[in-house]
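One-letter residues, chain by chain:
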Amino acid sequence: MAALASLLVLAHPAFAQGRLDAQYEATLAGIPVGKGAWVVDIADDQFSASVSGGTAGLLKAFASGSGSGAAQGRVVGGALIATNYVASTTTSKKTESIHIVLANGNVKEYGIEPQPPVDPDRIPVTDAHRRGVYDPMTGAMLRVSGTADPLTPDACRTGAAVFDGRMRYDLKLDFKRMDSVKAEKGYRGPVVVCALYFTPIAGYIPDRPVIKYLAAQRNIEIAFAPIAGTRILVPFWMKIPTPLGLAMLEATQFISTASPPRVAKTN
């Protein structure tokens, strides 16, 4: 949940490093319900990403909550390969922490604290379900191959298998249209808008209404913008229709800067 300057991407195609400092606002039917921040650092051989946020506005008066998450890993051939992911959420009732350790897309270790009770209706997650997956944060960042402008319809023709420590699900993207955005601070320019489809695989309770609703949705949209100096696209906004109105997460600040690749030292 998360990403400035496509002009820098085009002007400096040799750069392979960049940083994003973004802030987002969540609304429901136009009413502010949450705020968050996302920072991404991409170097030539490693990356890190961290997010934090909490309820805001009217929602905070009824149910306060906050959360944070972070992912780290290697950059291999321009692709982001996560090695660690952690997330923590706090409400008035409890605090929960999740950690995942990965190696080449395979989960080596994971856990939830405190350990949730066993629910016989939950579809079990097997070892096979934890192979060839992304963590939720790395899975939200698209790497577009090639040397041309990364903001093209082809950027949407992809998908990701995601494991969040509890549930295994598939995300599939399809191209919808090209659009333009204007953050209050930072990026102004084109975005590629994709349709987003959610398919639960394991670790979920089939009768839960929210799972059924999301799996049936065909009108979720997500707009991606570039991190300057890289071929990585990240969400600028996301729209989800709900029975209570349109839920939207949108960047109010989207500042990214490119950095030149490190020059090897010579004697």
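Read on for a plain summary of the structure. Worth saying up front: this structure is predicted, and the values here are computed from it rather than measured. (Residues numbered from 1 in each chain as written. Predicted model: local features only at pLDDT ≥ 70, side-chain atom pairs only at ≥ 80, totals over all residues. Heavy atoms only, no water.)

**A short note on the overall build of the chain**
No. 1: Counting its secondary structure elements, the chain contains three helices and 15 strands.
No. 2: Within the chain, buried positions represent 39% of all 267 residues.
No. 3: Here the chain displays about 13,900 Å² of accessible surface, and carbon together with sulfur accounts for 57% of that area. (Helix = DSSP H or I, 4+ residues; strand = E, 2+ residues; numbered from the N terminus. Buried < 20%, exposed > 50% of the residue type's maximum accessible area, 1.4 Å probe, protein only. Areas by Shrake-Rupley, 256 points an atom, 1.4 Å probe, with all protein chains shown as cover.)

**Considering the pattern of salt bridges**
No. 1: Enumeration according to the criterion identifies 10 salt bridges in this entry.
No. 2: Glu-96 is the salt-bridge partner of Arg-166, the closest N and O atoms lying 2.8 Å from each other. Taken together, the residues Arg-166 in the loop between strand E9 (159–163) and strand E10 (168–182) and Glu-96 in strand E6 (residues 95–103) connect sequence positions 70 residues apart.
No. 3: In this structure, Arg-168 engages Asp-170 in a salt bridge whose closest nitrogen and oxygen atoms are separated by 2.6 Å.
No. 4: With a relative accessible area of 28%, Asp-170 lands in the partly exposed category.
No. 5: Salt bridges sharing partners connect three or more residues here, namely Lys-176, Arg-177, Asp-179 and Glu-221. (Salt bridge = Lys/Arg side-chain N within 4 Å of Asp/Glu carboxyl O.)

**Considering the nonpolar core**
No. 1: Core analysis: the largest hydrophobic core is formed by 57 residues, its most contacted members being Met-141, Phe-236 and Phe-254.
No. 2: Counting residues in hydrophobic clusters, the runner-up holds seven residues, among them Ala-160, Tyr-169, Phe-198 and Ile-211. (Core = buried A, V, L, I, M, F, W, Y, C linked by side-chain atoms within 4.5 Å.)

**Remarks on the environment of Ala-195**
No. 1: Note on placement: Ala-195 falls in strand E12 (residues 188–202).
No. 2: With a relative accessible area of 1%, Ala-195 lands in the buried category.
No. 3: Residues Ala-195 and Ile-222, 27 residues apart in the sequence, show an inter-C-alpha distance of 6.4 Å.
No. 4: Sequence-distant contacts of Ala-195, that is, excluding residues within four places in its chain, are made with Lys-172, Leu-173, Asp-174, Lys-176 and Ile-220. (Contact = heavy atoms within 4.5 Å.)

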